[in-house]
Amino acid sequence: MRAGEALQGTVLTPDRRRCLMRLASVMGLTAFDASLVLAIVQDQARRGHRPEHCAAAGADQLLLIPAPTARSIGKTRRLWTIAGLTVCLIGLQLLTVWWLIAGR
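Residues numbered from 1 in each chain as written. Predicted model: local features only at pLDDT ≥ 70, side-chain atom pairs only at ≥ 80, totals over all residues. Heavy atoms only, no water.

### Here's the deal with the packing of helix α2 (residues 14-26) against helix α3 (residues 31-46)
Item 1. Closest axis-to-axis distance for the α2/α3 pair is 9 Å, and the angle between their directions is 130°. Regarding the angle of α2 to α3, the classification is oblique. Where α2 crosses over α3, the two elements pack in a sense that is right-handed. Contact residues: α2 offers Arg17, Leu20, Met21 and Ala24, while α3 offers Ala31, Ala34, Ser35 and Leu38. (Axes fitted to C-alpha atoms, helices over the stretch in contact; angles between N-to-C directions. Helix = DSSP H or I, 4+ residues; strand = E, 2+ residues; numbered from the N terminus. Parallel < 35°, antiparallel > 145°, perpendicular 65-115°, else oblique. Left-handed = near helix turned anticlockwise from the far one by under 90°. Contact = heavy atoms within 4.5 Å.)

### Remarks on the environment of valine 11
Item 1. Among the secondary structure elements, valine 11 is positioned in the loop between α1 (2-6) and α2.
Item 2. Separated by 31 residues in sequence, valine 11 and glutamine 42 place their C-alpha atoms 7.3 Å apart.
Item 3. Dropping the residues within four chain positions of it, valine 11 is found in contact with Ala6 and Gln42.

### Overview of the nonpolar core
Item 1. Among the nonpolar cores identified, the biggest contains nine residues, and these are Ala3, Ala6, Leu7, Leu12, Leu20, Leu38, Val41, Ala45 and Cys54.
Item 2. Breaking this core down by element, the ones donating at least two residues are α1 and α3.
Item 3. Of the residues forming this core, the biggest block, three residues, is contributed by α3.
Item 4. Ignoring anything within four residues of it in the chain, the contact list for leucine 7 reads Leu12, Arg16, Val41, Gln42, Ala45, Pro51 and Cys54. (Core = buried A, V, L, I, M, F, W, Y, C linked by side-chain atoms within 4.5 Å. Buried < 20%, exposed > 50% of the residue type's maximum accessible area, 1.4 Å probe, protein only.)

### Quick word on the layout of surface pockets
Item 1. In this structure, the largest pocket spans a volume of roughly 360 Å³.
Item 2. Lining the largest pocket are 19 residues, and of these Met1, Ala24, Met27, Leu29 and Val37 lie nearest its centre.
Item 3. At the level of elements, α1, α2 and α3 are the ones that each hand at least two residues to the lining of the largest pocket.
Item 4. For the lining of the largest pocket, the per-class residue count stands at 18 nonpolar, no polar and one charged. (1 Å grid on protein atoms, 1.4 Å probe; cavity = no way out; pocket = protein on both sides within 12 Å on 5 of 7 lines; lining within 4 Å. Points joined across faces, edges and corners; volume = space filled by probe spheres on them. Nonpolar A, V, L, I, M, F, W, Y, C, P; charged D, E, K, R; others polar.)

### As for α3
Item 1. With 16 residues, α3 ought to run about 22 Å at 1.5 Å a step, and its terminal C-alpha atoms sit 22 Å apart, in line with that.
Item 2. Of the surrounding secondary structure, the elements contacted by the buried residues of α3 are α1, α2, α4 (54-57) and α5 (59-62).
Item 3. Positive backbone phi, at 105°, marks glycine 48, one or two positions downstream of α3. (Expected span 1.5 Å × (residues − 1).)

The quantities given are spatial measurements derived from coordinates; they are silent on function.
Next comes the structure, spelled out in structure tokens:
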């Protein structure tokens, strides 16, 4: 559905494609499977379906793409958690340095 909403006519701009690929990764899809979803939706748009109906029109094809597994979703969440904690720790270190410098 998101892919259909992101289409501009039958075109998916590079920025929107990148956003959709990131979203697919968070949802646990592989890059290959995410690309297949986008190709199917774009194909339906080229066949004359309105963007908001492309996912429904390509439902039979989309069923061929395996759903993400709990393992792939957990792995993605784990990576985002580690990234978030790393950013927080760097922020705390910067805050500590600023506090030490400002205290002089």
